[in-house]
Amino acid sequence: MDITPVAPIRRFDTLDDFLGTHFIYTYDNGWEYEWYAKNDHTVDYRIHGGMVAGRWVNDQEATIVRLASGVFKIAWTEPTGTDVALDFMPNEGRLHGVIFFPRWVHEHPEITVCHQNEHIGLMEESRARYATYPKLVVPEFATITYMGDAGLDNDDVICEAPYPGMTDDIRAGRYYDADYRRIGR
Ligand SMILES: C=Cc1ccc(O)cc1
């Protein structure tokens, strides 16, 4: 698949440049993800392609730091037991992600395909019931295909389940209005 990186919406340097930015990107293995730096300790995301396509999450606690000018590291651990570490290089239109899936998510990905916030109990029960090891580690570079200035704490960025064509709608400017509110909501 030939993916062209989007031009950066600004020159990223500080954490303030990064927080409030909304991204869509495709990993080199073809998995398409959407991710929003909601504030300095919270992320939202939606998964459009790959093993757990259809999953979406609001208000995940994360650590977000600036490693160097324009380079940002984000890491978190989920109720499923999945751990994630992302290194964003938005000036280059690229990032690197490592996802550490517990065995049970690899064996039963469909359990996690939901709006997680409405099913935290099921994630925790499944984590306890099924196997953790051996983990599935997925380290991949990704190409950023969209960047938007959503501002901080914008609940309209990721406010519904993914649907086919959603990332094309967002990239084409058909999804958010000028104030970065979901059109027609
Ligand atoms: C498992 C969540 C997740 C969210 C964003 C991303 O780039 C990788 C994993």
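The notes below deal with the structure included here.

Reading guide: rules and limits
Residues numbered from 1 in each chain as written. Predicted model: local features only at pLDDT ≥ 70, side-chain atom pairs only at ≥ 80, totals over all residues. Heavy atoms only, no water. Salt bridge = Lys/Arg side-chain N within 4 Å of Asp/Glu carboxyl O. Helix = DSSP H or I, 4+ residues; strand = E, 2+ residues; numbered from the N terminus. Buried < 20%, exposed > 50% of the residue type's maximum accessible area, 1.4 Å probe, protein only. Phe/Tyr/Trp six-rings, centres within 6.5 Å; stacked < 30°, edge-to-face > 60°. Lys NZ or Arg CZ within 6 Å of the ring centre and 35° of its normal.

## Looking at the pattern of salt bridges
Thinking step 1. With the rule as written, the count across this model stands at 15 salt bridges.
Thinking step 2. Across the pair K38 and D59 runs a salt bridge whose closest N-O atoms are separated by 2.7 Å. Taken together, the residues K38 in strand β2 (residues 32-39) and D59 in strand β4 (residues 56-61) connect sequence positions 21 residues apart.
Thinking step 3. By relative accessible area, K38 is classed as buried at 3%.
Thinking step 4. Classification of D59 as partly exposed rests on a relative accessible area of 47%.

## Observations regarding the packing of aromatic side chains
Two measures describe an aromatic ring pair: the distance that separates the ring centres and the angle between the ring planes.
Thinking step 1. Counting across every chain of the model gives 15 aromatic pairs.
Thinking step 2. Each ring, one from Y176 and one from Y180, has its centre 4.3 Å from the other, and the planes form 20°; the classification is stacked. Y180 shares its class with Y176; the two are buried.
Thinking step 3. An aromatic cluster is built from F18, F23, Y25, Y27, Y33, W35, F72 and F88, whose rings are joined through pairwise contacts.
Thinking step 4. The ring of Y130 has R129 sitting right over it, with the charged end atom 5.9 Å from the ring centre.

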